[in-house]
Amino acid sequence: MPGPRFTVMQGRFAFLAVLSLLVGLVYFGPVPTPAWAETITGSGAVHGGIYSNQFNAGDDLDALASATGKRVTFGGTFHSVNENDGVSGGWSNTRELLDEVWTGKATPFANLTIPASAASIASGAWDSKIHEWALHMEQYLAKGGGRSLVLAPLQEMNGTWTPYGCDAASFKNAYRRIVDIIRGRGNNETKVRFAFSPNGWTSPGCGSISSYYPGDSYVDVIGISAYRWDGSASVYSVMGGTVDSLTSLYPTKPIVIAQTAAWPSGSKSQWIRDMFNWASSNPNVVAVIYFNYNNAGVSGETDWRIWIPPVNQGWKDGMLSSGTTYQWPLTDWFKSGPLTLSLTSGVTLCHGNADCDSVAFQDHGGQFHLWEKATNAVVNSSFYFGNPGDVAFSGDWNCDGIDTPGLYRQSDGYVYLRNSNSQGVADITFYFGNPGDFPVAGDFNGNGCDTVSIYRPSNQTFYIINQLGQNDGGLGAADYSFVFGNPGDKPFVGDFNGNGIDTIGLHRESTGLVYFRNSNTAGNADLQFIFGDPGDKLVAGDWDGDGDDTVGVYRPSNGLLYLRNSNGQGSADAWAYAGNQAGVVALNR
């Protein structure tokens, strides 16, 4: 039964109930987890999946693959511990549902419900039924051929519409008990992976999603339910915010959009295309599984299907895109050890060029961390410079071809510059501008030396000066100034056309709009496009060494850096995990 209908981010709850016998079995403790880890890669390749509305899912998945041109990696199923006829000799709903998915050349993503409170499950009252269900699951596994599954016990536990919902403390114990029982029966990670699968939106008064998290040792995958109940809602509003929040808390856990569907509307096909594109460009999202059910006869529900037949064109386009992949059997997921997510793209943007920019991150304690390359997340060196809260930037202050850090103290307009990437006091200090200004550093006249100019948000004016101050003195008047942009936009600098002169740009953090000029003059933007999500922090650099600067964004919500090799809308060309940082700057090294 579904939850409330007043949000665009909402899940659903479904199960099959079949009369079964209660049989007492023995409870076993957990099986120790090996110390090594199996790593999978997220962004750039997302697996497709679907919940078939046919019991004979194998035939349905075959027909869908023929109509689409590509198979789905996952087949979603719903189960109850009461769905089978005893422990042996009778009908096994569990075995048949799982095996139908497997015969359709897909791996089951199985949601398991128990019609009881979380406290009752945690107390052990349902142990015998859990053992019984596990036995039927094992009948499926025993057929061999590499059979495996991802199991999501007690999905959507943060909603009041589930019998075990809205009790975080008891849920964690109940989930762990189920996992311990199934592992204790000898079903290790080469056969079964476990998913923590909350709804993307938590019922009022039920706490946060993180309050239900049962712990890294019990969770292989995080799955969320995220439905588009509003025909005008964007992909990000439906699932993006929740994914960002979860990845900031659990950055090495793969995320599956474990249940999703779109309300019928004129934009449904495009929304599904957008969903595949967003998922494949998000480093933490590894799969999307569509709820292909017609629930039009249920109060407040609709016909969610994209495969009736025929197949929805948006689904077909999304599945056939280069960012959607397929694997069966899913051997990458079912190897010994914990399942962790690779947070680097494996893509080298530099291609061996000597003059590629890298990045430096400034942490909240005032320490700089210089990366060896902008895409490999390897810290080459670290050092302290300045005070927490200073605005970081970088430039070539002594014209030697190497960028070093600078700091701007907005409280008093002071500039602090180092001529080496090492700890120490500032080599150059002066003040320029007014409190509250933002620093912009670059080579604004093409002489091979960088200087520090400012952007004044109060009047949207850039003040450009082609010299550095010294000896704690003031710089005086700017060489020239001009107005550009709208209130609230954040400045950045780069050589966007490769002519050797840096020019200014602005980033609208509320929408992800990027726009810049190819000359340091007033006028309309020479180029504008959307890149990233609201709240991202923009950085520009020459990531591939071709002589012109392109954009990147650091996303504080999940600690990831995303880089583009061209200035235009599209997915990131590379990404890497940086964690919780105060700021990021580009470095020519």
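It should be emphasised that the depicted structure is a prediction, and the values quoted were computed from it without experimental measurement.

Draft legend 1. View of the nonpolar core. In terms of nonpolar packing, the biggest core is built from 112 residues, with Phe109, Ile121, Phe196, Met239, Trp315 and Trp333 touching the most fellow members. No other element matches the eight residues that helix α5 (residues 168-184) contributes to this core. If we ignore the near neighbours within four places in the chain, the residues touching tryptophan 333 are Ile40, His47, Phe74, Val150, Glu189, Arg193, Val221, Val256, Val286 and Leu339. Judged by nonpolar contacts, the second largest core, of 15 residues, contains Tyr554, Leu561, Ala578 and Val584.

Draft legend 2. Just the pairing of strand β16 (residues 391-395), in detail. Burial within β16 is extensive, with four of its five residues counted as buried. Of the strand pairs in this sheet, β16 and strand β17 (residues 404-409) are connected by five bridges, and their pairing is antiparallel. Residue pairing for β17: glycine 395 is matched across the bridge by threonine 404.

Draft legend 3. Local environment of empty space enclosed by the protein. On inspection of all chains with the given rule, the structure shows one cavity of 30 Å³ or more. As a volume, the largest cavity reaches approximately 40 Å³. Along its surface, the largest cavity is lined by Leu61, Leu64, Ala65, Lys70, Arg71, Val72, Gly104 and Ala106. For the lining of the largest cavity, a count of residues per class yields five nonpolar, one polar and two charged.

Draft legend 4. View of the layout of surface pockets. Within this model, the largest pocket holds a volume of roughly 1300 Å³. Forming the walls of the largest pocket are 49 residues, and the residues nearest its centre are Ser394, Val493, Ala540, Val585 and Ala586. Those elements giving two or more residues to the lining of the largest pocket turn out to be β13 (357-362), β16, β20 (438-442), β25 (490-494), β29 (537-541) and β33 (583-588). With six residues, the single largest contributor to the lining of the largest pocket is β33. Grouping the amino acids of the lining of the largest pocket by side-chain chemistry returns 19 nonpolar, 15 polar and 15 charged. Estimates place the volume of the second largest pocket at around 670 Å³. In this structure, the second largest pocket is lined by 25 residues; those nearest its centre are Asn277, Trp278, Ile530, Gly532 and Asp533. Mapped onto the lining of the second largest pocket, the elements with two or more residues apiece are α6 (235-249), α7 (268-281) and β30 (550-555). The element best represented in the lining of the second largest pocket is α7, accounting for six residues. Within the lining of the second largest pocket, the residues separate by chemical class into ten nonpolar, eleven polar and four charged.

Criteria and thresholds
Residues numbered from 1 in each chain as written. Predicted model: local features only at pLDDT ≥ 70, side-chain atom pairs only at ≥ 80, totals over all residues. Heavy atoms only, no water. Core = buried A, V, L, I, M, F, W, Y, C linked by side-chain atoms within 4.5 Å. Buried < 20%, exposed > 50% of the residue type's maximum accessible area, 1.4 Å probe, protein only. Helix = DSSP H or I, 4+ residues; strand = E, 2+ residues; numbered from the N terminus. Contact = heavy atoms within 4.5 Å. Pairing = 2+ DSSP bridges. 1 Å grid on protein atoms, 1.4 Å probe; cavity = no way out; pocket = protein on both sides within 12 Å on 5 of 7 lines; lining within 4 Å. Points joined across faces, edges and corners; volume = space filled by probe spheres on them. Nonpolar A, V, L, I, M, F, W, Y, C, P; charged D, E, K, R; others polar.

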